[in-house]
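# What the coordinates show
Next come the chains, spelled out residue by residue.
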Amino acid sequence: MAIFAEPSMTIVSLFNSHTHNHVQRPQILSLRHSPPRPPPHCLSGTLDPPPPSPDEAEPESIPRTSGGGDGRKDRRKAVRLAWEKIVRWSRSWRSRANTDVLERTNKVAVLGGGSFGTAMATHIAERKAEMEVNMLVRDSLVCRSINESHYNRKYLPEYKLPENIIATTNAKDAMKGADFCLHAVPVQFSSLFLEGISQYVDPNLPFISLSKGLELNTLRTMSQIIPQALGNPRQPFIVLSGPSFAVELMRKLPTAMVVASKDKKLASAAQQLLASPHLRINSSGDVTGVEIAGALKNVLAIAAGIVEGMNLGNNCMAALVAQGCSEIRWLATKMGAKTTTLTGLSGSGDIMLTCFVDLSRNRTLGKRLGSGEKLDEILSSMNQVAEGVSTAGAVIALAQKYKVKMPVLTAVAPIIDNELTPKRAVLELMNLPQVEEV
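Okay, so let's go over this structure. Since the model is a prediction, treat every value here as computed from it, not as a measurement.

With that out of the way, let us pick up the overall build of the protein. Across its full length, the protein holds 18 helices and 10 strands. The burial tally for the protein puts 51% of its 438 residues in the buried class. Look at the contacts in the protein between residues 6 or more apart in sequence, and 75% of them connect residues 24 or more apart. With the model as given, the accessible surface of the protein reaches about 21,300 Å², and the carbon-plus-sulfur share is 52%.

Rendered as structure tokens:
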């Protein structure tokens, strides 16, 4: 049943592409070692061909099943052989994996001292004990807490940080000699912040953006903000996104994310730097898709929280999230994103985590709005930024620019601005024309 102005998708098929699109098999890339070692931001070498996938590996003779006990034994053998084939393929790939980037990396700068920036700083610091990880923070109390007790007592007070993490409020000290820079400053403050430290940034220093959102007045993404604010259109850029909560990274729970860059070698370098036994890193060349999905899912999470706060039930939640996924697909593909990206970690993966789990700041904010609290009261009680609040207004501008109807995501901004009540928004959405799904 379609209930919104534009046709929606079922939650199973969140972002299915049009019939003329096709999904390409992902390729696994590795960097061949090429001495002498260049710095991580000046990678060289050629791409080795990937090992064959499980489907391309040497065929196994899988017995046909028959009835009775023999049939069950044959089926179990077939299942075991299929799994063993995948394991052999995985081990073959790992044996060829390149670790040159991690070995050559001596210093990483992390901009921002919030929970996710701290979690990623911790992850990288634990990858190599000899590496120096410098966190540039603005709060002197957070800085002192990290350096003296190895705790970020403001954002992650329960987790001890590695001793090779050093906090500073001095941009020159943080950036000097860095091989990579992780940017974890909220989107709305990034431009001004980066302009202030641009004189200390090496023009060849790769930036890995952890920030998700759109700049409200300009509609810029971080791939546009970072090079423009630094005054260097060729600043190496990578975006990291995917379903990931800081506390679960700190607990080393299994997590998977994606890095995207227009430069395949740069994406591969980020994989080598970040991948670990508890953090999988996929790669992509679709920077637009990863950034737009990461920004818009925050707005959808607010809407999902409102549904939860109003106790509208599971049917409504599923319908809303499915419709929101379709709206993100309609806009993102018009902006040049690939539908395969939108069904991956940075799309449907991040949407599911952010919309359905209470650890999400944006979902929590929406839940409180749905239960009747005022926005100002909610924001004043939060110690971190909910990017969806600012992005909601940008979504409307983008929808108008690309001529896309987005009823669910459009409703969030007027609710935030107190121009539309959640109850009225639900009523209007349910009374939109009945349409065909696409």
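Below, the discussion takes up the environment of leucine 205. Within the secondary structure layout, leucine 205 lies in the loop between helix H6 (187–197) and strand S7 (207–209). As for leucine 205 and methionine 175, which are separated by 30 residues in sequence, their C-alpha atoms are 9.4 Å apart.

Axis separation between helix H10 (residues 287–309) and helix H16 (residues 388–401) bottoms out at 8 Å; the angle between their running directions is 105 degrees. It follows that H10 is roughly perpendicular to H16 by the angle criterion. Across the interface between the two elements, Ala295, Leu296, Asn298, Val299 and Ile302 from H10 touch Gly388, Val389, Thr391, Ala392 and Val395 from H16. Within the contact of H10 with H16, the residues separate by chemical class into 7 nonpolar, 3 polar and no charged.

For the rest of this paragraph, the subject is the pairing of strand S6 (residues 180–183). Consecutive side chains along a regular strand alternate between the two faces of the sheet. Of the two faces of S6, the one carrying Phe180 and Leu182 and the one carrying Cys181 and His183 are both buried. Bridging between strand S1 (residues 107–111) and S6 involves 4 bridges; their strand directions are parallel. Along S6, the bridge assignment pairs valine 108 with phenylalanine 180. Of the pairings in the sheet, the one linking S6 to S7 comprises 3 bridges and is parallel in character. Bridge pairing links leucine 182 to isoleucine 208 in S7. Handedness of the crossover is the feature at issue here: the chain leaves S6, passes through H6, returns alongside S7, and the resulting connection is right-handed.

Estimates place the volume of the second largest pocket at around 1,500 Å³. Looking at the second largest pocket, it is lined by 48 residues, and the ones nearest its centre are Gly114, Ser115, Arg361, Gln384 and Val385. Elements with a minimum of two residues in the lining of the second largest pocket: helix H3 (115–127), H6, helix H8 (246–250), H10, helix H13 (345–356) and helix H14 (361–370). The dominant element in the lining of the second largest pocket, judged by the number of residues it contributes, is H14, at 5 residues.

Moving on to the sheet that holds S6. Taken in spatial order, the 8 strands of this open sheet run S5-S2-S1-S6-S7-S8-S9-S10, and their pairing is mixed. On the outer flanks of this sheet lie strand S5 (165–168) and strand S10 (279–284), each paired with one strand and no other. The mean inter-strand angle of the sheet, taken between neighbouring strand axes irrespective of direction, is 25 degrees. Bridge analysis of S1 against strand S2 (residues 132–136) gives 5 bridges, and the strand direction is parallel. Paired with leucine 111 across the two strands is leucine 136, which belongs to S2. Against the sheet, helix H4 (residues 140–149) touches S2 and S5, its axis set at about 150 degrees to S5. Those strands touched by helix H9 (residues 264–274) are S6, S7, strand S8 (237–241), strand S9 (255–260) and S10, and its axis lies near 180 degrees from that of S10.

On to H3. An α-helix turns once every 3.6 residues. As a result, residues three or four positions apart point the same way. Between the first and last C-alpha of H3 there are 19 Å, a value that for 13 residues agrees with the 18 Å anticipated at 1.5 Å per step. With 11 of its 13 residues buried, H3 lies for the most part within the structure. For H3, every residue scored as buried is listed here: Ser115, Phe116, Gly117, Thr118, Ala119, Met120, Ala121, Thr122, His123, Ile124 and Ala125.

A separate point is unusual backbone geometry. Phi is positive for asparagine 311, close to 55 degrees, though the residue is something other than glycine. Following the sequence through the fold, asparagine 311 ends up in the loop between H10 and helix H11 (313–334). Unlike most non-glycine residues, lysine 403 shows phi in positive territory, near 55 degrees. Structurally, lysine 403 is set in the loop between H16 and helix H17 (407–416). In this structure lysine 403 comes out as exposed when scored by relative accessible area, which is 71%.

Ranked by internal contacts, the top residues of the largest apolar core, which has 47 residues, are Leu296, Leu300, Val321 and Leu409. Taken together, the elements giving at least two residues each to this core come down to H10, H11, H13, H14, helix H15 (375–380), H16, H17 and helix H18 (422–430). The element that contributes the greatest number of residues to this core is H10, accounting for 12 residues. Setting aside residues no more than four positions away along its own chain, leucine 409 makes contact with Leu296, Val299, Leu300, Glu327, Ile328 and Val395. One finds Val110, Leu249, Leu266 and Ala270 within the second-largest nonpolar core, a separate group that totals 41 residues.

Let's shift gears to the packing of H6 against helix H7 (residues 222–230). Direction vectors running N to C along H6 and H7 enclose 20 degrees, while the axes themselves pass 8 Å from each other. Accordingly, the angle class assigned to the pair H6 and H7 is roughly parallel. When the axes of H6 and H7 are compared, the crossing they make is right-handed. Across the interface between the two elements, Val187, Ser190, Ser191, Leu194 and Glu195 from H6 touch Met222, Ile225, Ile226, Ala229 and Leu230 from H7. Here the contact of H6 with H7 is built from residues that sort into 7 nonpolar, 2 polar and 1 charged.

Inspection of every chain in the model, using the stated rule, returns 11 salt bridges. Between aspartate 350 and lysine 212 there is a salt bridge whose closest N-O contact spans 2.6 Å. Of the two residues, aspartate 350 sits in helix H13 while lysine 212 sits in the loop between S7 and H7, which places them 138 residues apart along the sequence. Of the two residues, aspartate 350 and lysine 212, both sit in the buried class. Residue glutamate 215 is joined to arginine 220 by a salt bridge in which the shortest nitrogen-to-oxygen separation is 2.8 Å. For the pair glutamate 215 and arginine 220, one class covers both residues: buried. Linked through salt bridges whose partners overlap, the residues forming this network are Glu308, Asp358, Arg363 and Lys367.

What counts and what doesn't
- Numbers given for residues are sequential positions, taken from 1 along each chain in its written order.
- Per-residue local features are limited, in this predicted model, to residues with pLDDT of at least 70; the limit for side-chain atom pairs, both in listing and counting, is 80 or more; totals at the level of whole chains, interfaces and linings are taken over all residues.
- The basis for the side-chain values is all heavy atoms of the structure; hydrogens and waters are excluded.
- Helix and strand definitions follow DSSP, with helices as H or I runs of at least four residues and strands as E runs of at least two, each counted in order from the N terminus.
- Only protein chains enter the area calculation, which uses a 1.4 Å probe; residues under 20% of their type maximum are buried, those over 50% are exposed, and those in between are partly exposed.
- Residues are treated as being in contact if the distance between any of their heavy atoms lies within 4.5 Å.
- With residues, only the protein chains shown are counted as cover, and all accessible areas are computed by Shrake-Rupley using a 1.4 Å probe.
- Lines fitted to C-alpha atoms define the axes, with helix axes restricted to the stretch in contact, and inter-axis angles between N-to-C directions lie between 0 and 180 degrees.
- Note on terminology: angles under 35 degrees are roughly parallel, angles over 145 are roughly antiparallel, angles of 65 to 115 are roughly perpendicular, and the others are oblique.
- In this classification, Asp, Glu, Lys and Arg are treated as charged, Ala, Val, Leu, Ile, Met, Phe, Trp, Tyr, Cys and Pro as nonpolar, and every other residue, Gly included, as polar.
- Following DSSP output, two strands are said to pair if at least two bridges run between them.
- A clockwise path from the first strand over the helix to the second, with the strands pointing away from the viewer, defines a right-handed crossover.
- Whether a set of points on the 1 Å grid over the protein atoms alone is a cavity depends on a 1.4 Å probe fitting there but being unable to get out, while an open set qualifies as a pocket with protein on both sides within 12 Å along at least five of seven lines; lining residues are those with an atom within 4 Å of a point.
- Grid points are joined across faces, edges and corners, and a volume is the space filled by probe spheres set on the points.
- To estimate the expected span of a helix, count its residues, drop one, and scale the result by 1.5 Å.
- Each nonpolar core is a collection of buried residues, namely Ala, Val, Leu, Ile, Met, Phe, Trp, Tyr and Cys, held together in the definition by side-chain atoms within 4.5 Å.
- Whether a crossing is left-handed or right-handed is set by the direction in which the near helix is turned from the far one by less than a right angle, anticlockwise for left-handed and clockwise for right-handed.
- Each salt bridge in this description consists of a side-chain nitrogen of Lys or Arg and a carboxyl oxygen of Asp or Glu lying within 4 Å of one another.

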